[in-house]
Amino acid sequence: MRLAYYPGCSAKGSSADYEISTQAVCDALGMRLEELPEWNCCGSTPAHAVDTELSAALCARNLDIAARANADMVVTPCPSCLSNLRHAAKRMEKPEFRARVNDLLDRPAAESFPPVTSVMQSIAQLYDAKAIAAHVRRSLRGLKLVAYYGCLMSRPAELMQFGDPENPTMMEDLLSACGAQMLDFPLKTECCGASFGIPERPMTARLSGRILEVATNMGADAIVVACPLCQMNLDLRQKQAMKGVDRTFNMPVLYYTQIMGLAFGMLPSELGLDKLVVSASDLVERILDARREDARAQAPEGDKA
């Protein structure tokens, strides 16, 4: 299967650690990601709020590049990019809308586009739990994690096709296959404040603070995310979130690809863990300790001392 990879703008800047870990995990699994040549920004949050047709044109240009490259599928790590690309493809099915968008492009877009999916969905589709477990070199045994999807990944349900829009379980399945204990997180699809982290800081602090508070009360060792904005609000702005709910936190917030990479035996430096504001060093040490315990248990009796 030929996978056209759309990294999105944040992958080249604010979420470079997501990009590094995504490439590392996909490479370990044998997934070849071919980055779209000369891709452009999908418009993120601002474009579709200002002009629907211009937003669709930004996405249609990327989808057209993938179609002309005969890609079987377009994959992206970012929920916002995924949502924009899928919305644009759906809207381009209407001839009148397509004609207006084509007027904005250098050339008319291809008549049909490859399907668009997230990197997470493509991993889950291509590899079952047994195949994921076969790549594990350091079990996540003993870790209690909560999966936080955010509000975009599974909604609207008919477009995103991500399982139950209120209770997706794909991340839990992937990380359970790596040995982690996944807690049933009741706020997994609640909004963290997203891009309102700048214009509406107090509101975002309260929303993010509530997510961090519930995860802490549940005894989670870390929150696992799949969205650059969610990661930023929960990690980079964790001190603001503390003020929002008047509570102290020290909760690591990692991308699911970083956690999977650790389980696959990769070094923290290969997964961008040094970019985290809230350190995950204790978490990494626990994973390494579990690996050492396993090694001692498997050693001949005379070597266990």
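Above this text you will find the structure in question.
This report concerns the structure included in the present document.

Parameters and conventions
- Residues numbered from 1 in each chain as written.
- Predicted model: local features only at pLDDT ≥ 70, side-chain atom pairs only at ≥ 80, totals over all residues.
- Heavy atoms only, no water.
- Buried < 20%, exposed > 50% of the residue type's maximum accessible area, 1.4 Å probe, protein only.
- Helix = DSSP H or I, 4+ residues; strand = E, 2+ residues; numbered from the N terminus.
- Pairing = 2+ DSSP bridges.
- Salt bridge = Lys/Arg side-chain N within 4 Å of Asp/Glu carboxyl O.

### Some words on the pairing of strand 7 (residues 222–225)
For step 1, the next point in the chain: Burial along strand 7 is two-sided: A222 and V224 and I223 and V225, pointing in opposite directions, are all buried.
For step 2, the next point in the chain: With 4 bridges joining them, strand 5 (residues 144–148) and strand 7 adopt parallel strand pairing. Residue pairing for strand 7: L145 is matched across the bridge by A222.
For step 3, the next point in the chain: One ladder, built from 3 bridges, connects strand 7 with strand 8 (residues 253–255); its direction is parallel. What sits directly across from I223, in strand 8, is V253.

### Considering the pairing of strand 5
For step 1, the next point in the chain: In terms of burial, strand 5 is a largely internal element, 4 of the 5 residues being buried.
For step 2, the next point in the chain: Sheet analysis places strand 5 next to strand 6 (residues 181–183), joined by 3 bridges and oriented parallel. Within the sheet, the bridge partner assigned to V146 lies in strand 6 and is L183.

### A closer look at the pattern of salt bridges
For step 1, the next point in the chain: Counted by the stated rule, this structure contains 13 salt bridges.
For step 2, the next point in the chain: Between E34 and R2 there is a salt bridge whose closest N-O contact spans 3.0 Å. Of this pair, E34 sits in strand 2 (residues 33–35) while R2 sits in the segment before strand 1 (3–5), and the two are 32 residues apart along the sequence.
For step 3, the next point in the chain: Residues joined by salt bridges that share partners form a network here, namely K12, E19 and E35.

Taken by themselves, the reported measurements are silent on function.
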